[in-house]
Amino acid sequence: MAFAYKVGHDCEFFVLDSNRGHIVPVCGKLGGTKKRPLPVEGSRVGTTYQEDGVACEIGMDPTSVHDFLPAASQSFFDMQTVLASRQLQVAGGVSNTFKLEDLKLHPQALVIGCSPDYSAHDRGMKRSNLNIEAMGTRRFTGGHLHFSCPLKDRERLANDTPIWAVVQMMDALALMFSSRYSWEYQGERYEFYGLPGLYRPKPYGLEYRTPTNYWLWDSAGGGNKDATDFVNNCASVVQACSELSGDVVRGYYERIDWDSVKRLLDLSGKRSFKQRAATPEYARLFELKEEMALELGELR
């Protein structure tokens, strides 16, 4: 029986007070926690929500990649209905500076990180703890993607491909081609949560933590092609790394110039997508992506 690949998400958004007209901490306004998210009654995609620090976090039932973006968009619309009933709105953007007095009112607003991130480009080493003092009163949101894949253990796919290598290849063959991965769309989030290769191993596969929430914002706003291509490219990497032999996957991995990948995805110099897309390395990686997708065949 073929493995049933699934894609899920936990996207975070700031909320705007409809009466006051500006972004406010969600603390105490929605309810729900990481351990006990609240279901949206009657949701056909299993939408859940909870407070996550100062932001609202949305979840849903995982689906096939073909059904994922319509279902994720529906979860976004479900959340808008819940927020409206509390005189709140979804706010765009991935960073916001709050007033210190507002943060001090809520202990959860002064705590970050529920579990450690791992760095694919450091071969799965735990990332150093983030320093909330460095953030000051800035807070950030993400658009984390969850992928199921056949596992041998927590660190490896069934074909012995390390999870960190899969995430690296998602950086090189999916994130690389997203116009939303640029300083314009990451901004100050980059150094805290937007670095390439951030992930968490999961019992079902992996959570890709580098992306922002723009893929969902774009998709819910009208099916932006960048969102579709990005999610499909990520899923293609996961499935190819799972279904091709370990030796074949290793061959693709070794053909990638990882120094170039890290240089092109380094946003600290405020590099734009257009600058990245104009490089010969980008073109070579695009050809490799197409080759691997062709060898995989259709997404399942």
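Each value, and the rule that gives it
- Residues numbered from 1 in each chain as written.
- Predicted model: local features only at pLDDT ≥ 70, side-chain atom pairs only at ≥ 80, totals over all residues.
- Heavy atoms only, no water.
- Salt bridge = Lys/Arg side-chain N within 4 Å of Asp/Glu carboxyl O.
- Helix = DSSP H or I, 4+ residues; strand = E, 2+ residues; numbered from the N terminus.
- Buried < 20%, exposed > 50% of the residue type's maximum accessible area, 1.4 Å probe, protein only.

### Describing the pattern of salt bridges
Thought 1: Applying the stated criterion across every chain yields a total of 17 salt bridges.
Thought 2: A salt bridge links aspartate 153 to arginine 156; its shortest N-O distance comes to 2.5 Å.
Thought 3: One salt bridge in this structure joins aspartate 247 and arginine 250, with 2.7 Å as the shortest N-O distance. In this pair, aspartate 247 and arginine 250 are both assigned in helix α9 (residues 246-254), 3 residues apart and thus about one turn of the helix distant.
Thought 4: Three or more residues are tied together by salt bridges with common partners; here these are Asp117, Arg200, Lys202, Glu207 and Arg209.

### A few points about the environment of alanine 277
Thought 1: Along the chain, the position of alanine 277 falls in helix α11 (residues 273-277).
Thought 2: Of the residues examined, alanine 277 reaches a relative accessible area of 30% and is grouped as partly exposed.
Thought 3: Taking the C-alpha atoms as reference points, alanine 277 and tyrosine 190, separated by 87 residues in sequence, lie 19 Å from one another.

### Structural notes on unusual backbone geometry
Thought 1: The phi torsion at glutamine 87 lies on the positive side, around 60 degrees, for a residue other than glycine.
Thought 2: Inspection of the secondary structure assignment puts glutamine 87 in the loop between α1 (65-84) and β6 (88-91).
Thought 3: For glutamine 87, a relative accessible area of 43% puts it in the partly exposed group.
Thought 4: With phi around 75 degrees, aspartate 160 is a residue other than glycine that occupies positive phi space.

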